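Fold and contact review
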Amino acid sequence: MLSRSWRHFYRRYSQSVTFRTTENSPSQHNENQTGLFYTMDKDLCKTLFSHGGFPRSFAKQTKTFTEAAVMVRRPALDVIDCIKASDLNKPAVRYLLYGENGTGKSLTMAHLLHYAFENGYLIIHVPWVSEWLRRLPRHKEMSNSATHEGMVDVPLDAAAWLFHFKTQNQAMLKSEELKISKDYVWSKRETTPAGAPLLALVEHGISRVKYACDVIDAIVKEVKLLSDSKVCKTFVAIDGFNCFFYPKTRLYTSTKRTVKPEEVTLTHSFLELTKNDWTNGVIVLTADQLAIPEDHAESFLPKYLLYKKGFEHIDPFVPIPVGRYTEKEFLSCASYYRDRLWLRGPAEIDTELKLASAANPYKFMELCAPL
Amino acid sequence: MSVFIKHYKASHLLSASNVKFFRFSSTAADLPLKKEDDDEEFRVLDIVKKRQRQQRRLNKRTDIQPDRSDRMAIDQKWGNVWPGPKTFHPSSVPLPLRQGYVPKGQAPPGKKANAELMKIPNFLHLTPPVVKTQCEALKQFCTPWPELLNSEEAIEKHYPVEIISSNYCHASPSIRNPLSRVVSLRVKLSDLKLDKHARDKFLRIIGDRYDETTGLVTITADRCPAKKQNYDYVNYLLTACYFESFNVEDWEGEKTEDDMEYYDFDRNTSRKNLINWYLKSKNEVKSMSEEEYRDFDISQIDHAEVYKNAVSKIMNDGESDDTLRSYDEAVRKLLGLPQKAASS
């Protein structure tokens, strides 16, 4: 028994490679921490990512590992450096994360969300655009928009998102400063007067699902105004942004006609949000091959995925490539997996695993699963 | 014939001339008659005709001359022996040539009666001394090469248009060859003085006659029966295409962005984005008309030129790691962000 625990102790604490950093604040991360894992606070994970934000496999892994440890990687540091250096009084800068499948675009975004949360940004985070436009559960609630002629609403998804928005910005929304600028009349009896807090608008959208899409539209406009008038600073994160530009969605109107993405009210709102005609904001987007069907997933480069239209919509943007693990990152990841008992066996298999997974983070994780 | 038989029996040493003589003077028909006369011996039925077969003997020709190739003088003029292209002939070539399938343990077949040697084309009429003498003979018809055309560049500069046609010479009743009418005209596109619009239109008119890799325009004509006519025709085509490309038709104004064959930054949304961003960052938001956008001078924006080039490069050359990196750098410069740290 003693020998076993001794071995356990030895395995756990005699790692030749340091793979953890105790610096848990993203704003303090710098070059020295590249390749090291930092642990996100549990409560923070709950606020930020309880309604999506982590890729599904990673969410599962956090359960297995009983912690949400995210590697500090260069793309995230790069964006953080840029945000720190940029002047918020200038129009919002757009960053586009792109890279092969499974290289960690969404996790880089999660890291950045943590940074934004820590620095008191108002977070507008869309966990996965395809959830709205491409994933079809059996009862996808759809209705024709009452306010926009010829457009389509997805009220349930919109309400779910409003809830997500509310959870992420609990603290921010409590402040009284976030007031809306004009009256919103929803129906004869329902109005949100000017000067009401933004939270009221959100609550209204959640309780009156019918108006959820219009509420989102209103929120987008209000947030832009608030940021422009320097009341708050806003962090926009949209994962799978290229889905807005793929010519088709999987939604059908009642006449069985395929809906184009620009005919969905949510698309309209979020494209409005990603324009750079407002200040005091940071916009982080990802272009993901998984967000769109396989017939247009031959390349992971931004112009191909976004089409010319999407490219011009966000132009000028800062392209941030998210690549495979470097030598150092791979080593640290392997040590971390060993620590979590995700990877066992002799140390020699690391080289083989690296070769087999081509240092792709997701593939490496998959390959280690049965070991 | 009886005499012959007697002689035959008496002596085996018969000279060739004798045999010849007797054979000419005898016939096969009188053989049995003579025998009957001489002695009444029992006639053996000679079914196989053994005797007669023995008699037949091939005669060796004595008047064969030695091969011509063996009698050739060492210092003869080869050009006279083999003046023009022709099929291989063993007696005319004093060379120990061998050619063909090599049986195991044997040498390849010799030159006589060798179909392999006759099949292949030979250049025995083009030996260096012959070529030299022919060139000497042709020299009197030539003029000296212009001294200033001393390099390829000089030739290209003074004679930009190249005419390519072929002459055919062969032995047949007609000296005409239908292929000799074909005339090609070749000119470098850069030698034509075209402006931006004209160049675009010229390329559209000539279609696939322009080779992008070499930059050459090749116009070929073969529709007229004579070379002269085709030559005139290619010249006409070049002239017509050239001047047509300068004409601007009314409908050319309707060209939209989708019809563009290349990405022109000045006509695209990115330019508007850039101007909007610039105005917004200076807090001078105003709605501008198309004309105002067009007349806006983007050179007042810092790093706009680099950015413009980077965007055009991505759109025109396609995106790759290189073009994206240059775009990244340009955008960071434009937006005033720190450059990416060199990856370790």
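Residues numbered from 1 in each chain as written. Chains lettered and ligands numbered in written order. Predicted model: local features only at pLDDT ≥ 70, side-chain atom pairs only at ≥ 80, totals over all residues. Heavy atoms only, no water.

Definition in use: UniProt positions are given in the numbering used here, feature names are shortened, and annotations may be inferred rather than shown by experiment.
Chain A has the name Small ribosomal subunit protein mS29 in an unreviewed UniProt entry, where Plutella xylostella is given as its organism. We quote the UniProt Subcellular location (unreviewed entry) comment for chain A here in full: "Mitochondrion".

**As for the overall build of chain B**
To keep it simple, the criterion reads: Helix and strand assignments come from DSSP, with helices taken as H or I runs of at least 4 residues and strands as E runs of at least 2, each series counted from the N terminus. The buried label applies to any residue whose accessible area, calculated with a 1.4 Å probe on protein chains only, is under 20% of its type's maximum; exposed applies above 50%, and partly exposed to all values in between. Per-residue and other accessible areas follow the Shrake-Rupley method at a 1.4 Å probe size, with only the shown protein chains counted as cover for residues.
Looking only at helices and strands, chain B has 15 helices and 4 strands in total. Scored against the burial criterion, the 344 residues of chain B give a buried share of 27%. About 26100 Å² of surface is accessible on chain B, with carbon and sulfur atoms providing 55% of the total.

**Some points on the sheet that holds strand β4 (residues 216-221) of chain B**
Hydrogen bonds between backbone groups are what pair the strands of a sheet, and the pairing can be parallel or antiparallel. Residue and element names in this part refer to chain B. Basically, it comes down to this: Between any two strands, pairing holds if DSSP finds at least two bridges. In what follows, a contact means two residues having at least one pair of non-hydrogen atoms within 4.5 Å. Lines fitted to C-alpha atoms define the axes, with helix axes restricted to the stretch in contact, and inter-axis angles between N-to-C directions lie between 0 and 180 degrees.
A sheet is described by the order of its strands in space; here 4 strands give the open sequence β1-β2-β4-β3, paired in antiparallel fashion. Taken across any chain shown, the strands that pair with only one partner, and hence form the sheet edges, are β1 (162-165) and β3 (210-211). Bridge count for β1 against strand β2 (residues 183-188) is 4 bridges, and the pairing is antiparallel. Within the sheet, the bridge partner assigned to Ser-165 lies in β2 and is Val-183. The sheet strands contacting helix α11 (residues 227-244) are β1, β2 and β4, and the helix crosses β2 at an angle near 30 degrees.

**A look at the side chain of A:Asn242**
Residue and element names in this part refer to chain A. On the secondary structure map, Asn-242 appears in the loop between β9 (234-238) and α11 (265-273). A residue is classified by how much of its surface remains accessible, and Asn-242, at 0% relative accessible area, is buried. If we ignore the near neighbours within four places in the chain, the residues touching Asn-242 are Thr-286, Ala-287, Asp-288, Ala-291, Ile-292, Leu-305 and Leu-306.

**Brief notes about the nonpolar core**
One recurring pattern in soluble globular proteins: nonpolar side chains tend to sit buried together. Residue and element names in this part refer to chain A. Quick reminder of the rule: Residues belong to one nonpolar core when they are buried, are Ala, Val, Leu, Ile, Met, Phe, Trp, Tyr or Cys, and are joined through side-chain atoms within 4.5 Å.
Formed by 122 residues in total, the largest nonpolar core has its most connected members in Tyr-95, Phe-235, Phe-244 and Phe-270. With near-sequence residues (within four places) excluded, Phe-244 lies in contact with Val-129, Trp-132, Leu-133, Ile-238, Pro-261, Thr-267, Phe-270 and Leu-271. Among the nonpolar cores identified, the runner-up in size contains 18 residues, and Phe-37, Ala-69, Leu-353 and Ala-359 belong to it.

**A short note on the side chain of A:Lys224**
By secondary structure assignment, the location of A:Lys224 is in helix α10 (residues 212-228). Apart from the residues within four sequence positions on either side, A:Lys224 is in contact with A:Glu272, A:Leu273, A:Asp277 and A:Trp278.

**Brief notes about α10(A)**
The periodicity of an α-helix, 3.6 residues per turn, causes residues three or four positions apart to be oriented the same way. Residues and elements named next belong to chain A. Note the following rule: One fewer than the residue count of a helix, multiplied by 1.5 Å, yields its expected span.
The end-to-end C-alpha separation of α10 is 24 Å, in line with the 24 Å expected for 17 residues at 1.5 Å each. Extensive coverage of α10 is indicated by the burial of 14 of its 17 residues. Directly after α10, the chain includes Lys-230, whose backbone phi takes a positive value near 65 degrees.

**Comments concerning the sheet that holds β9(A)**
Here we have 5 strands laid out as an open sheet, ordered β4-β9-β10-β3-β11 (chain A), and parallel in their pairing. With one partner strand each, in any of the chains shown, β4 (122-126) and β11 (317-321) of chain A form the two edges of the open sheet. Direction aside, the axes of adjacent strands within the sheet are offset by 15 degrees on average. Note that strand β3 (residues 93-98) of chain A and strand β10 (residues 281-287) of chain A share 6 bridges and pair parallel. Bridge pairing in β10(A) links A:Val93 to A:Val282. Each of β3 and β11 of chain A touches helix α15 (residues 321-335) of chain B; the most contacted strand, β11(A), lies at about 135 degrees to it.

**Some details on the interface of chain B and chain A**
Threshold: The term buried area means the drop in 1.4 Å probe accessible area that two parts suffer when joined, counted for both and summed. A carboxyl oxygen of Asp or Glu within 4 Å of a side-chain nitrogen of Lys or Arg is what we treat as a salt bridge. What qualifies as a polar contact is a pair of N or O atoms within 3.5 Å, subject to a donor-acceptor requirement within protein and to the restriction that residues adjacent in sequence count only when both atoms come from side chains. Polarity classes work like this: nonpolar for Ala, Val, Leu, Ile, Met, Phe, Trp, Tyr, Cys and Pro, charged for Asp, Glu, Lys and Arg, and polar for all others, with Gly in that last group.
On the side of chain A, 30 residues touch chain B, which itself brings 30 residues to the contact. Counting the surface lost from both chain B and chain A, the interface buries some 2500 Å², and carbon and sulfur atoms represent 60% of this. At the junction of chain B and chain A, the tally comes to 2 salt bridges. Residue B:Lys280 is joined to A:Asp228 by a salt bridge in which the shortest nitrogen-to-oxygen separation is 3.3 Å. In this assembly, chain B and chain A are joined by 13 residue pairs in polar contact (both at pLDDT 80 or more). At the level of elements, α12 (269-281), α14 (304-317) and α15 of chain B are the ones that each hand at least two residues to the side of chain B that touches chain A. Among the elements that take part in the side of chain B that touches chain A, α15(B) stands out by supplying 8 residues, more than any other. Considered class by class, the residues forming the side of chain B that touches chain A number 15 nonpolar, 8 polar and 7 charged.

**Concerning the pattern of salt bridges**
Residue and element names in this part refer to chain A. Counted under the stated rule, the structure contains 39 salt bridges over all chains. Glu-312 is paired through a salt bridge with Lys-308; the nearest N and O atoms lie 4.0 Å apart. Placement of both Glu-312 and Lys-308 in helix α12 (residues 302-314) is noted, with a separation of 4 residues, approximately one turn of the helix. Residue classification places Glu-312 among the buried positions, given a relative accessible area of 9%. Accessibility expressed as a relative area gives 32% for Lys-308, which makes it partly exposed.

**A short note on the environment of A:Ala218**
Residue and element names in this part refer to chain A. Along the chain, Ala-218 turns up in helix α10. Here Ala-218 falls in the buried class, since its relative accessible area comes to 4%. For the pair Ala-218 and Leu-198, spaced 20 residues apart in the sequence, the C-alpha separation amounts to 9.8 Å. For Ala-218, the residues in contact, after removing those within four places along its chain, are Tyr-184, Trp-186 and Leu-201.

**A few points about the packing of helix α9 (residues 198-207) of chain A against α10(A)**
Residue and element names in this part refer to chain A. As a reminder of what qualifies: In these notes the angle categories are as follows: under 35 degrees is roughly parallel, over 145 is roughly antiparallel, 65 to 115 is roughly perpendicular, and the rest is oblique. When the near helix sits turned anticlockwise from the far one by under a right angle, the crossing is termed left-handed; a clockwise turn instead gives a right-handed crossing.
Contact pair α9 / α10: the axes reach a minimum separation of 9 Å and the direction vectors enclose 165 degrees. Relative to α10, the element α9 lies roughly antiparallel. Remark: the crossing between α9 and α10 carries left-handed chirality. Contacts from Leu-198, Leu-201, Val-202, His-204 and Gly-205 of α9 reach α10 at Ala-212, Val-215, Ala-218, Ile-219, Glu-222, Val-223 and Leu-226.

**Thoughts on the environment of A:Phe241**
Residues and elements named next belong to chain A. Inspection of the secondary structure assignment puts Phe-241 in the loop between β9 and α11. Here Phe-241 falls in the buried class, since its relative accessible area comes to 0%. Separated by 46 residues in sequence, Phe-241 and Ala-287 have C-alpha atoms that sit 5.7 Å apart. Non-local contacts of Phe-241, meaning those with residues more than four positions away in its chain, are made with Val-129, Leu-271, Thr-274, Leu-285, Thr-286, Leu-306, His-313 and Ile-314.

**Here we look at the confidence of the model for chain B**
Residue and element names in this part refer to chain B. We count it as follows: pLDDT runs from 0 to 100 and stands for how confident the predictor is about each residue.
Model confidence for chain B is summarised by a mean pLDDT of 84, while 86% of its residues fall at 70 or above. Considering only residues more than four positions removed or in separate chains, one finds that residues 1-30, a stretch of pLDDT under 50, has 13 contacts. With pTM at 0.70, the complex prediction returns an ipTM value of 0.89.

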